[in-house]
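One-letter residues, chain by chain:
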Amino acid sequence: MVGGARLLYSGMKLLPVRRKVVLITREPKRITIDFAMLKESIQRDYPDHSVVLIKHKKLSFAYAAKAVREMYHLATCQACVVDGYIIPVSILNHREQLRIAQVWHALGAIKNFGHLASGTREGPHPKVAEIMQMHKQYTFITAAGSVPAEIYTAAFGVPHEAVCPLGMPRVDYLLDEGRMAARRAEILKAYPQLEGRKVVLYAPTFRRGRHIPYTQLATAMRDPEATLVLVPHPLDKSSLPEGDHVVIGRSFGVLDWLSIADALITDYSAVAYEATLRDIPLVFWPYDMDEYIGARGLAIDYDAEVPGPVVETAAEAMETALTFETPDYTEFRSKHLDYVTEDGALPEGDPACTEAIVKALELR
């Protein structure tokens, strides 16, 4: 299969290269904030370039036709940006001039992924990862801080110099008060019952084959002036509670919900990184720590590195979220987000991560 794809692609590479940038995402529901920002920047600064957005599907018989489309665009574009492992990007032999950027779909990492998770129950099989050349062919990988850069080096299996301190477009988005105010207004229009209430967000990590105890948190919510917003992963099939004090937040992405959240409860999700850019109080509820470490493993020293209190029960998580005062994330950001902050302090101006990434694509 791999040999056949490479043979077909070698013929496609004879086609003329066009002024085109290809964005390939694994997000099944909506265009990500990062790709929306990149598309906007490219269309503004390079109006003679087209932008092609492709939603990548998992390997299957039905994927064959879609793979040919991906290969065609890779063969005829000037640059490509991905936000996850994309099969044709990694297994094919590309033109030397093609620049491929990996803008990972999270600002940092708490859990293992890529080669760090290889051989674990939830990770790829090492032999399959080798055959499919997992995370090969990147020209550069963007990072927002020293700690994520070290993790990316191991997770992607690349040398240190391949990870560039360019940040991510979502940094620009989260620090743009105009954009965040507009998104907050959209959420309040869709959910008017949230107006004037304290909003506690629960954004847990996806568990493959396991359910998440959303009901425990809903039951623990006892503040009559607060609402619990649940943001399940798109693939999560867990039962979701109903009630006047609970909102199922699938209509918006988790980064959008940060525009309105007064507190965030999570576990191993990298949304914690994004929350620190909004100074949102964080509570960590790793209710299945031992099982999760056995299934995938963690990329950091959890108790030492997570930027918030670690609790054991749903009741403790909710009580802490409702009473936790505005935190000081300076120390965390100075290590984990030092490429986009100033000694841990939030930048006063636009960090312009999006423009820096587009510039690194070297469009012509």
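First things first, this report covers the structure right here in the doc. Computed from a prediction, not measured in an experiment: that's the story for all the values here. (Residues numbered from 1 in each chain as written. Predicted model: local features only at pLDDT ≥ 70, side-chain atom pairs only at ≥ 80, totals over all residues. Heavy atoms only, no water.)

## Quick word on the overall build of the protein chain
Worth spelling out the cut-off: Under the DSSP-based scheme used, a helix requires at least four consecutive residues in state H or I and a strand at least two consecutive residues in state E, with every element numbered from the N terminus. Note that the radius of gyration is over C-alpha atoms, with the globule rule given as 2.2 Å times the number of residues to the power 0.38. Any two residues whose heavy atoms approach within 4.5 Å are treated as being in contact. For accessible areas, the Shrake-Rupley method is used with a probe of radius 1.4 Å. Any residue's cover is judged against the shown protein chains and nothing else. A positive count includes Lys and Arg, and a negative count includes Asp and Glu. His and the chain ends are not counted in either. Taken as the charge location is NZ of Lys, CZ of Arg, CG of Asp or CD of Glu.
On a plain count of helices and strands, the protein chain comes out with 16 helices and eleven strands. In terms of overall size, the protein chain behaves like a compact globule, its C-alpha atoms giving a radius of gyration of 21 Å where 364 residues would be expected to give roughly 21 Å. Each principal axis of the C-alpha distribution contributes one length, and for the protein chain these read about 65 × 45 × 35 Å. When contacts within the protein chain are restricted to residue pairs at least 6 apart in sequence, those whose partners lie at least 24 apart make up 71%. In the form shown here, the protein chain has an accessible surface area of approximately 16200 Å², with 52% of it arising from carbon and sulfur atoms. Within the protein chain, one finds 40 positive and 46 negative side-chain charges whose respective centroids are separated by 12 Å.

## Examining the packing of aromatic side chains
The condition that has to hold: Note on aromatic contacts: the rings of Phe and Tyr and the six-membered ring of Trp form a pair at centre separations within 6.5 Å, being stacked when their planes are under 30 degrees apart, edge-to-face when over 60 apart, and tilted otherwise. Exposure is judged per residue with a 1.4 Å probe applied to protein chains only, and the accessible area is read against the type maximum: over 50% gives exposed, under 20% gives buried, and values in between give partly exposed.
Within the structure shown, the criterion is met by 16 aromatic pairs. For the pair Trp-104 and Phe-156, a centre-to-centre distance of 5.4 Å together with 80° between the ring planes defines the contact as edge-to-face. You can see Trp-104 sitting in the loop between β4 (99–102) and α5 (126–131) and its partner Phe-156 sitting in helix α6 (residues 146–156), a full 52 residues away along the chain. Among the residues examined, Phe-156 registers a relative accessible area of 1% and is labelled buried. On the numbers, 6.1 Å between centres and 90° between planes, the contact of Phe-284 with Tyr-302 is edge-to-face. Remark: Tyr-302 occurs in helix α13 (residues 302–305) and Phe-284 occurs in strand β11 (residues 282–284); sequence separation between them is 18 residues. Among the aromatic residues, ring-to-ring pairing joins Trp-104, Phe-113, Tyr-138, Tyr-152 and Phe-156 into one connected group.

## Brief notes about a positive patch on the surface
We apply this condition: Here, patches come from residues exposed beyond 30% relative accessible area and free of salt bridges, joined within 9 Å for like charges and within 5 Å for nonpolar side chains (Val, Leu, Ile, Met, Phe, Trp, Tyr). Each salt bridge in this description consists of a side-chain nitrogen of Lys or Arg and a carboxyl oxygen of Asp or Glu lying within 4 Å of one another.
Together, Lys-29, Arg-30, Lys-55, Lys-57, Lys-66, Arg-69, Lys-237 and Arg-250 make up a positively charged patch on the protein surface. Along the chain, Lys-66 turns up in helix α3 (residues 63–76). By relative accessible area, which is 43% here, Lys-66 ends up partly exposed.

## Focus: the pattern of salt bridges
A complete count under the given rule lists 20 salt bridges for this structure. For Glu-274, the salt bridge identified is with Arg-170, shortest N-O distance 2.7 Å. Note that Glu-274 is positioned in helix α11 (residues 271–276) and Arg-170 in helix α7 (residues 169–175), a separation of 104 residues in sequence. Under the relative-accessibility criterion, Arg-170 is labelled buried at 7%.

## Topic: unusual backbone geometry
Notably, His-135 is not glycine yet its phi reads approximately 65°, a positive angle. The residue His-135 is located in the loop between α5 and β5 (140–142) in this model. Even without glycine at this site, Glu-362 takes up a positive phi of about 55°. Mapped onto the secondary structure, Glu-362 falls in the segment after α16 (353–360). For Glu-362, a relative accessible area of 48% gives the class partly exposed.

## With respect to the packing of helix α1 (residues 2–12) against α3
Heads up, the condition is: For helices, the fitted axis covers only the stretch in contact; all axes are lines through C-alpha atoms, and the angles between them, taken along N-to-C directions, range from 0 to 180 degrees. Any angle that falls under 35 degrees is termed roughly parallel, while one over 145 is termed roughly antiparallel, one within 65 to 115 roughly perpendicular, and all others oblique. If you view the pair so one helix is near and one far, a crossing is left-handed when the near helix is turned anticlockwise from the far one by less than a right angle, and right-handed when it is turned clockwise. Polar here means any residue other than Ala, Val, Leu, Ile, Met, Phe, Trp, Tyr, Cys and Pro, which are nonpolar, and Asp, Glu, Lys and Arg, which are charged; Gly is therefore polar.
Viewed as axis vectors pointing N to C, α1 and α3 meet at an angle of 40°, and their least axial separation amounts to 9 Å. The orientation of α1 with respect to α3, classified from their angle, is oblique. Handedness of the crossing formed by α1 with α3: right-handed. Residues Ala-5, Leu-8, Tyr-9 and Met-12 of α1 lie in contact with α3, whose contacting residues are Val-68, Met-71, Tyr-72, Leu-74 and Ala-75. By residue class, the composition of the contact of α1 with α3 is nine nonpolar, no polar and no charged.

## What to know about the nonpolar core
To keep things clear, this is the line we draw: To form a nonpolar core, buried Ala, Val, Leu, Ile, Met, Phe, Trp, Tyr and Cys residues must be joined to one another through side-chain atoms within 4.5 Å.
Of all hydrophobic cores here, the largest spans 108 residues; its most connected members are Ile-24, Val-89, Ile-110, Leu-194, Trp-257, Leu-258 and Leu-264. Among all residues touching Leu-258, those that are not within four sequence positions of it are Leu-174, Met-180, Leu-201, Leu-264, Val-271, Glu-274, Ala-275, Arg-278 and Ile-280. Of all hydrophobic cores here, the second largest spans 22 residues; its members include Ile-212, Ala-226, Val-283 and Ala-321.

What is shown is where atoms sit, not what they do.
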